[in-house]
There are 2 protein chains.
Amino acid sequence: MIGGGGMGAKATTVYDVAEHAGVSIATVSRVLRRPGDVRDSTRERVLASVKALGYVPSASARGLAARRTGVVGLFFPDFDAMRETTAFVPDRSGAVPVVADPPAEDATGSDLLYFDEVLRGAEIEAWRNGLVLLVGVGRGEDSLSIVSDIAGRVDGLAVLAGSVPDEMLEHIARRIPVVLIAGPRRDDEFDHVSVDNRAGMRALADHVFDTREIDGVLYVRGVASTPDDAERFDGFSEALSARAVADRPGLSVVSAEFSRERARVIGSSLASSGHIPDAVICANDQMALGILDAFRDHGVDVPRRVLVAGFDGIDAGRHSEPRLTTVEQPMEDLGRAAVHVLTQRLANPSQPPVTLRLPVKVLVRESTTPGPPTPRG
Amino acid sequence: MIGGGGMGAKATTVYDVAEHAGVSIATVSRVLRRPGDVRDSTRERVLASVKALGYVPSASARGLAARRTGVVGLFFPDFDAMRETTAFVPDRSGAVPVVADPPAEDATGSDLLYFDEVLRGAEIEAWRNGLVLLVGVGRGEDSLSIVSDIAGRVDGLAVLAGSVPDEMLEHIARRIPVVLIAGPRRDDEFDHVSVDNRAGMRALADHVFDTREIDGVLYVRGVASTPDDAERFDGFSEALSARAVADRPGLSVVSAEFSRERARVIGSSLASSGHIPDAVICANDQMALGILDAFRDHGVDVPRRVLVAGFDGIDAGRHSEPRLTTVEQPMEDLGRAAVHVLTQRLANPSQPPVTLRLPVKVLVRESTTPGPPTPRG
DNA sequence: GCCCCAACTGTATGCGCATACATCCTTCCC
DNA sequence: GGGAAGGATGTATGCGCATACAGTTGGGGC
C-alpha cells in the first residue's frame, strides 16, 4: 500500500539499504553525501537499493550526526492573530453560489502581505545557499515557546524586530545566530537588517514640501514605541528643520497607531472641523489610506486641496483614488538580506555584528501631484 | 558574547543542564516534556538551570529519539523560477531616489500570491495542531532532490499536484503521508485536497449564458495536460450541452497556456479580424486579463460588445478595467485543508484515502454586467 | 514499628546517520 | 613481479534526547 506512509511498518534506514545492496552503512551514507568517493558500480547498486526500498534519509539523524540541520528559520508575529481560532471543518456542500461582487476598497490586514514578500525573499536566498526555510508565526502567549521550539530546529534564525523579548533572543543567541529584521541599529551584539526609514521619510517630506508651498502640515505617527515609527519621525523632523524658517510649515502631530480606521476618524474630524492642513504625511500607508477615505467622504480634494503621502509601498496604495505617494520598502530584499547575513555569520561566527541598511525609493503618485489628473487605464 | 551563536563553544545539552541542576538527564527531559511528572521544587531548579545555561533542546535529537519531528512540509514549484538567479548583493548607497510611478496594469507573476495564501492557511492549521511548517519551493532540475530532502524532515508532506513526478511521490509516501493539493481525484492511494473546478466553471458558464443571448462563445483553455484545465473544460462543456439546442452558442476553443501575454495576442487577432464572439470564457484569470488588455487596445467594449470571464479570483482581477467576473478559489482553505488531512492521517494511518473538494464561488463583476457602468471610487 | 504503595528520580539503551580511522584492493612504476 | 600510493570500503563511535525499566523515597495503614 502506497499511501500508508511511514506509520506501522517502520521506515527504511541506512541499515536496510546497506544490507540490500551488500555494502556497509558508511558506503550508503557516502553515496548520498559524497558520491564521488564511491566507485561507479557500487554507487549504482546502492542507488538501486535506495529506490527499491523507498529510502529517504532521516534529517533528524543526519542533523544530529552532522551537528547542523541545513535549515534557517523565519519568525514573525501574526498581527491578525485572533482571526482564525476556529477549527477547520470541511464544507462539502455542492452548490456554487453566484454573487455580485461590488467594487470595494481593499480590505485591511495587508500586514500579512508584507510578510509574504519577506518570506519569499528569505526562501529564495535560503535555496541559493542550499538551505531550507522554516516559518514560524507567533500568536499570543504561545509565541515564546514557538520561537524556542523553532530555535532548536534551525542553524540560524531571522526574527522580526520587536516580536520577541530581548531576554528570549539572548537565550536563543547562545545556541544559534540571530538576525533582527527591520529593527533599529541598537547597541547589541545581534546582526541587523532594515530599511533606511529615516532617509526615506526625509526624502518623502522633502518631496512634499518642494511640490508647492505648504503652510501647515500634519504628521500622523504610528505606534511611537516602535523603532520604525521613531526613525521615520526623525526623518520627517529633519526635513522640517532643514528648511529656512521663512517657509517652514506649521506642524501638528497626531497618532493613529498604524491603523487605517483610526486615521479615517482623524481625517473626518479634521475635515468637518474645517482645519485642513496643506499636507498630511503618514508613518505608513494604511493610515494614509484612512486619511484618503475620510477626505473622499467629506469631499476634500486630494491632491488639489491637500497632499497626502504614506510609507511602505503596500499594494493597496497603487489602487486607491487618488493613487498614493509613498516610500517603497524592498520587502523581498529584506528577507533575502536576512538569510544572507545569517549564512555569512554561519560561515564566520567571529565576525563583528553586521547591520545592513537597505535603500528605499520614493514613489510619486497622484496623491501629491497637483495638476491635470492622470487618466486611468 | 551574545551574538556568537552556537559555533565555537558547542551548544549546551541536557547533560550540561542535568549537571548544573544536580539531577539526571531523564529528569531534565521530563521537565521539558511532561512537567507534571516532576516535583515542583525539582522542576524549578531545572528550569533555572535551563535559563542560566541558555539551553535550547535540539530538535534533531528529539526527533530521532521520538521518531517524529513535529513538522509538516509544503512543497510547490516556483513558476517564476528563473527570476532570481543573481546572488544577493547588499546595496549600501545612501541616496533615496524619488521617481514618478505612473499607473500601470498589474505585473504578472501573481502565481506566487496564489501560493502565499495556501501557505498562510497551511501555517495556521499546522499551528492549531502544534506543528511547524516547512516550506519547499521546487526550482528546475533541483526539484527532485529538494522534495526528497524535505520529505526526510517532516512527518507529513503537502504537495501541489503536478509539481512532483508520481514516481517520486510514491517513493516518499513509503516514508510519510502525502497529500496532493489541487489535483484531480485520481485512482491512487494518496489523499487529495482540491476545489470544485467543474462545478465552478459550470456555474460561471451558466451565469454568462444567462446574462444575455450568446450566439458565439470562445473558450480559452490553459495547459490541457493539467487536471485543473481538464476539469474546468468539463464544467464548461456541461453548461453548454445543458442548453437547448436552439439557444446553444456556437463554440470556438483555443489555448493560451495560462499566459496573459498569449491571451493578449489571441485577443488582438480576434479584434483585428473582426470575428469577435459574444463571450470569452477563460480557464484562468491571467488569460482573461490578457483578453481584456487586447480588447481595450482595440477599442472593443467589454461588457457591452463582449462578455469576459476568468477563473481563480486573483487580486488583479479586482483592479482591472472593467473588473473581472471570475470563480473565486478558497486558497487559504486549500492550505488549511491539506494540513488538516495530514493530521488526520497521522492520527489514523490506516484510514482509506480521503478526497476533500472545497466549494468555490462565482464573483460577478463588471466584465459580465452590461448596463450602466458602475462608477469607480 | 513494619510493610506496601505511590510518587519520583536515575540508569541504560537505541533512535539513524556522518565520519575518523583502519583495512583491503587496485594500479602503476621500476 | 614486488611494492608503494592511492582509491575504495568497512568498523566503530558519538551526536542529544526520550523512554522503558529499575531504583529510591516518603507516607499511610495496621
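Rules of the game
- Residues numbered from 1 in each chain as written.
- Chains lettered and ligands numbered in written order.
- Predicted model: local features only at pLDDT ≥ 70, side-chain atom pairs only at ≥ 80, totals over all residues.
- Heavy atoms only, no water.
- Near = heavy atom within 4 Å.
- Polar contact = N/O pair within 3.5 Å; in protein donor to acceptor, adjacent residues only side chain to side chain.
- Helix = DSSP H or I, 4+ residues; strand = E, 2+ residues; numbered from the N terminus.
- Nonpolar A, V, L, I, M, F, W, Y, C, P; charged D, E, K, R; others polar.
- Least-squares fit on C-alpha atoms with pLDDT ≥ 70 in both.
- Contact = heavy atoms within 4.5 Å.
- Salt bridge = Lys/Arg side-chain N within 4 Å of Asp/Glu carboxyl O.
- Pairing = 2+ DSSP bridges.
- Core = buried A, V, L, I, M, F, W, Y, C linked by side-chain atoms within 4.5 Å.
- Buried < 20%, exposed > 50% of the residue type's maximum accessible area, 1.4 Å probe, protein only.
- Axes fitted to C-alpha atoms, helices over the stretch in contact; angles between N-to-C directions.
- Expected span 1.5 Å × (residues − 1).
- pLDDT = per-residue confidence, 0-100.
- Phe/Tyr/Trp six-rings, centres within 6.5 Å; stacked < 30°, edge-to-face > 60°.

Could you clarify how one ought to interpret the protein's contact with DNA strand D in this entry?
With respect to spatial proximity, 25 residues lie near DNA strand D, and among them Thr42(A), Val14(B), Ser29(B), Tyr55(B) and Arg62(B) are the closest. Here, DNA strand D places atoms within 4 Å of the protein, and 61% of those atoms are sugar or phosphate. For DNA strand D, a phosphate oxygen lies 2.6 Å from a polar atom in the side chain of Thr27(A). Side-chain polar atom of Tyr15(B) to a base nitrogen of DNA strand D: 3.0 Å apart, as the coordinates give it. If you list the elements that add at least two residues to the surface near DNA strand D, you get α2 (25-33) and α4 (59-66) of chain A together with α1 (14-21), α2 (25-33) and α4 (59-66) of chain B. For the surface near DNA strand D, the element with the highest residue contribution is α2(B), accounting for 4 residues. Residue composition of the surface near DNA strand D, by class: 13 nonpolar, 7 polar and 5 charged.

Help me understand the protein's contact with DNA strand C in this model?
In the neighbourhood of DNA strand C, 24 residues make up the surrounding shell, with Val14(A), Ser29(A), Tyr55(A), Arg62(A) and Thr42(B) lying closest. A distance of 2.4 Å is found between a phosphate oxygen of DNA strand C and a backbone nitrogen or oxygen belonging to Val14(A). In this structure, a base nitrogen belonging to DNA strand C sits 2.9 Å away from a side-chain N or O atom of Arg30(B). The set of elements that each furnish at least two residues to the surface near DNA strand C consists of α1 (14-21), α2 and α4 of chain A together with α2 and α4 of chain B.

What is the right way to read the relation of the copies chain B and chain A from this model?
Mapping between the two chain copies consists of a rotation about an axis together with a translation along that axis. Once turned by 180 degrees and shifted 0.1 Å along the axis, chain B lies on chain A with an RMSD of 0.2 Å. Here the transformation between the copies is reduced to the relation of a two-fold axis. Same-surface contact between copies: 100% of interface residues of chain B are shared with the interface of chain A.

Just to check I follow, could you spell out the interface of chain B and chain A for this structure?
Counting residues at the interface gives 108 residues for chain B, matched by 110 residues for chain A. Seen at the junction of chain B and chain A, the total is 10 salt bridges. Between Arg323(A) and Asp101(B) there is a salt bridge, and its shortest N-O distance comes to 3.9 Å. Put simply, chain B and chain A have 31 residue pairs in polar contact (both at pLDDT 80 or more) between them. Per element, the largest residue contribution to the side of chain B that touches chain A is 10 residues, and it comes from helix α5 (residues 111-128) of chain B. Looking at the side of chain B that touches chain A residue by residue, the classes come out as 52 nonpolar, 22 polar and 34 charged. Sheet topology places strand β3 (residues 132-138) of chain A next to strand β3 (residues 132-138) of chain B; 3 bridges connect them, and they run antiparallel. Within β3(B), the position partnered with Leu134(A) by the bridge is Leu134(B).

I tried to follow the nonpolar core on my own but got confused; where do I start?
The tendency in soluble globular proteins is for nonpolar side chains to be buried side by side. Among the nonpolar cores identified, the biggest contains 157 residues, and Phe236(A), Phe295(A), Val308(A), Phe236(B), Phe295(B) and Val308(B) are the most heavily contacted of them. Aside from chain neighbours lying at most four places away, what touches Phe295(A) is Gly267(A), Leu270(A), Ala271(A), Ile276(A), Val280(A), Val300(A), Val302(A), Val306(A) and Val308(A). Counting residues in each nonpolar core, the second largest holds 42 residues, with Val147(A), Met168(A), Ala173(A) and Leu134(B) among its members.

How should I be thinking about the sheet that holds strand β10 (residues 307-309) of chain A in this particular structure?
Sheet strands pair via backbone hydrogen bonds, and the direction of the pair is either parallel or antiparallel. Residues and elements named next belong to chain A. Taken together, 4 strands build an open sheet; the order of strands is β8-β7-β9-β10 and the sheet is parallel. A single partner strand is all that each edge strand has here, and the edge strands are β8 (250-255) and β10. Across the sheet, the mean angle from the axis of one strand to that of its neighbour is 15 degrees, orientation sign disregarded. The strands that helix α8 (residues 197-211) touches are β7 (216-221), β9 (279-282) and β10; relative to β9, the one it contacts most, it runs at about 170 degrees. Sheet strands in contact with helix α9 (residues 227-241) are β7, β8 and β9, and its direction is about 165 degrees off that of β7.

How should I be thinking about α9(A) in this particular structure?
The periodicity of an α-helix, 3.6 residues per turn, causes residues three or four places apart in sequence to face the same way. Residues and elements named next belong to chain A. The terminal C-alpha atoms of α9 lie 21 Å apart, and with 15 residues this matches the ideal 21 Å at 1.5 Å per residue to within 8%. Those residues of α9 that fall on the buried side of the exposure criterion are Asp228, Asp229, Glu231, Arg232, Phe233, Gly235, Phe236, Ala239 and Leu240. The inward-facing, buried residues of α9 contact β6 (191-195), α8, β7, β8, β9 and β12 (355-358).

How should I be thinking about the confidence of the model for chain A in this particular structure?
Should the pLDDT be low somewhere, the predicted coordinates at that spot are not to be read in detail. For chain A, per-residue confidence averages 88 on the pLDDT scale, and 90% of positions sit at 70 or higher. Considering only residues more than four positions removed or in separate chains, one finds that residues 373-377 of chain A, a stretch of pLDDT under 50, has 9 contacts.

Any chance you could explain the pattern of salt bridges here in plain terms?
Opposite charge on two side chains permits pairing when their charged atoms draw close. Residues and elements named next belong to chain B. A complete count under the given rule lists 60 salt bridges over all chains for this structure. Taking the shortest distance from any N to any O, the salt bridge between Asp210 and Arg243 comes out at 3.4 Å. Placement of Asp210 in helix α8 (residues 197-211) and of Arg243 in the loop between α9 (227-241) and β8 (250-255) is noted, with a sequence separation of 33 residues between them.

Can you help me understand the packing of aromatic side chains in this one?
Within a pair of aromatic rings, the relevant descriptors are the distance that separates the centres and the angle that separates the planes. This model, assessed by the stated rule, comprises 8 aromatic pairs over all chains. Taking 6.4 Å as the distance between ring centres and 25 degrees as the angle between the ring planes, the aromatic pair formed by Phe233(A) and Phe236(A) counts as stacked. Of the two residues, Phe233(A) and Phe236(A) are both situated in helix α9; the distance of 3 residues between them amounts to about one turn of the helix. Ring plane angle 35 degrees and centroid distance 4.5 Å describe the contact between Tyr219(B) and Phe236(B), whose orientation is recorded as tilted. Note that Tyr219(B) is positioned in strand β7 (residues 216-221) and Phe236(B) in helix α9, a separation of 17 residues in sequence. According to the relative accessible area criterion, Tyr219(B) is buried, its value standing at 0%. Phe236(B) gets classed as buried once you look at its relative accessible area, which sits at 0%.

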